[in-house]
Amino acid sequence: MKFNHVYFINGTAYAGKSTMVKRLAQKYNGIACEENYHEALMPGLDKAMFPCLTYTRDLQDWRDFIRRTPDEYEAWVKGVSKECETLELQILNKLNAEGKTVFADTNISIETLREVSDREHVLIMLADPDTSVNRFFERPDKEKQFLYRLLMEEEDPKLAMENFKQCLKRVNSRAAYNSFLYSGFRVIIRDESRRIEDTLALVEKQFGLQG
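What counts and what doesn't
- Residues numbered from 1 in each chain as written.
- Predicted model: local features only at pLDDT ≥ 70, side-chain atom pairs only at ≥ 80, totals over all residues.
- Heavy atoms only, no water.
- Helix = DSSP H or I, 4+ residues; strand = E, 2+ residues; numbered from the N terminus.
- Buried < 20%, exposed > 50% of the residue type's maximum accessible area, 1.4 Å probe, protein only.
- Pairing = 2+ DSSP bridges.
- Axes fitted to C-alpha atoms, helices over the stretch in contact; angles between N-to-C directions.
- Parallel < 35°, antiparallel > 145°, perpendicular 65-115°, else oblique.
- Contact = heavy atoms within 4.5 Å.
- Nonpolar A, V, L, I, M, F, W, Y, C, P; charged D, E, K, R; others polar.
- Lys, Arg positive; Asp, Glu negative; His and termini not counted.
- Salt bridge = Lys/Arg side-chain N within 4 Å of Asp/Glu carboxyl O.
- Arc of directions from axis to C-beta.
- Disulfide = S-S within 2.5 Å.

Our focus in this paragraph is the environment of Asp58. Turning to its location among the elements, Asp58 is positioned in the loop between helix H2 (51-57) and helix H3 (63-66). On the accessibility criterion, Asp58 (28% relative accessible area) is partly exposed. Taking the C-alpha atoms as reference points, Asp58 and Asp191, 133 residues apart in sequence, are found 38 Å from one another.

What follows is the structure, encoded as structure tokens:
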């Protein structure tokens, strides 16, 4: 089945995906499926079927989250991505069947996107891997600031932060960046000198939307 009414934006952190999804939905009277839109289904997830997503849902001590090794963190992120894909496909299948125009900041893999969407409905947005790591705590959202406070409360905050940055580097690697860059889909790379309005115009052009 092809998701003919869905425009997908995948890529790396801090590339502007959710901002573009929100702007497009506002401009074209569509539905914005922003970052982590699968969270609406979280309360009812079966722990046996979704062990990675329910890890954070059922976590008793968040210090366990920040103390994981890079190997553990990478394995968890990959698992989350696969489980998110399952939930996102369920949500988008329903919206697409209703004929609604949807703009999705998606976790759906490149391989699956090739199967469920036309090339013209997929866009990759990329930020340099170092940006994704070094600017992780710059966002004001409460989840990231909560993690930052936990790291600062560790016995050795500097060591704790370095470990967490190594975790982030593992999942924001140059190899991961290149897999998106050479995926065969259209790509927009973050440019700090480019205005949001100019990026929106580029996204519209790549999707073949009328400005």
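Let's shift gears to the sheet that holds strand E3 (residues 102-105). Strands sit in the order E2-E3-E1-E4-E5 across an open sheet of five strands; the sheet is parallel. Each edge of the open sheet is held by one strand with a lone partner, namely strand E2 (31-33) and strand E5 (186-189). Neighbour to neighbour, the strand axes of the sheet diverge by 20° on average, direction disregarded. As defined by bridge partners, strand E1 (residues 6-11) adjoins strand E4 (residues 122-126) across four bridges and the pair is classed as parallel. Its bridge partner lying in E4, Phe8 is registered against Val122.

Moving on: the packing of helix H7 (residues 142-152) against helix H8 (residues 157-171). Taken N-terminus to C-terminus, the directions of H7 and H8 make an angle of 135°; their axes are 8 Å apart at the nearest point. It follows that H7 is oblique to H8 by the angle criterion. Contacts between H7 and H8 involve Leu147, Tyr148, Leu151 and Met152 from the first element and Pro157, Ala160, Met161 and Phe164 from the second. The class makeup of the residues in the contact of H7 with H8 is eight nonpolar, no polar and no charged.

Among the structural elements, Tyr55 can be located in helix H2. Remark: the alpha-carbon pair of Tyr55 and Trp76, spanning 21 residues in sequence, is separated by 9.0 Å. Apart from the residues within four sequence positions on either side, Tyr55 is in contact with Asp64, Phe65, Arg68 and Trp76.

Glancing now at the side chain of Glu83. Residue placement: Glu83 occurs in helix H4 (residues 70-97). Despite its burial, Glu83 pairs with no opposite charge; the closest candidate is Lys82, at 9.3 Å N-O. Residues contacting Glu83, with those up to four places away along its chain left out, are Met49, Phe50, Pro51, Cys52 and Leu53.

This brings us to H7. Turning to H7, its buried residues are Lys144, Leu147, Leu150 and Leu151. Buried residues along H7 cover an arc of 120° about the axis, so they all sit on one side. Looking at the buried residues of H7, the elements they touch are H3 and H8.

What follows covers the state of the cysteines. A covalent bond between the sulfur atoms of two cysteines is what we call a disulfide. Using the criterion set out here, one finds zero disulfides in the structure. Unpaired in this structure, Cys52 has its nearest cysteine sulfur neighbour in Cys84, at a distance of 9.5 Å. According to the relative accessible area criterion, Cys52 is buried, its value standing at 16%. Here Cys167 stays unpaired: no disulfide links it, and the sulfur of Cys52, its closest cysteine neighbor, is 15 Å away.

In this section: the pairing of E1. When a strand is regular, its side chains alternate between the sheet's two faces. For E1, a buried count of six out of six residues is recorded, marking the element as mostly surrounded by other parts of the structure. By the alternation rule, side chains of E1 split into Val6, Phe8 and Asn10 and Tyr7, Ile9 and Gly11, which are all buried. Two elements, E1 and E3, share four bridges in a ladder whose sense is parallel. Looking at the pairing, Tyr7 lines up with Phe103 of E3.

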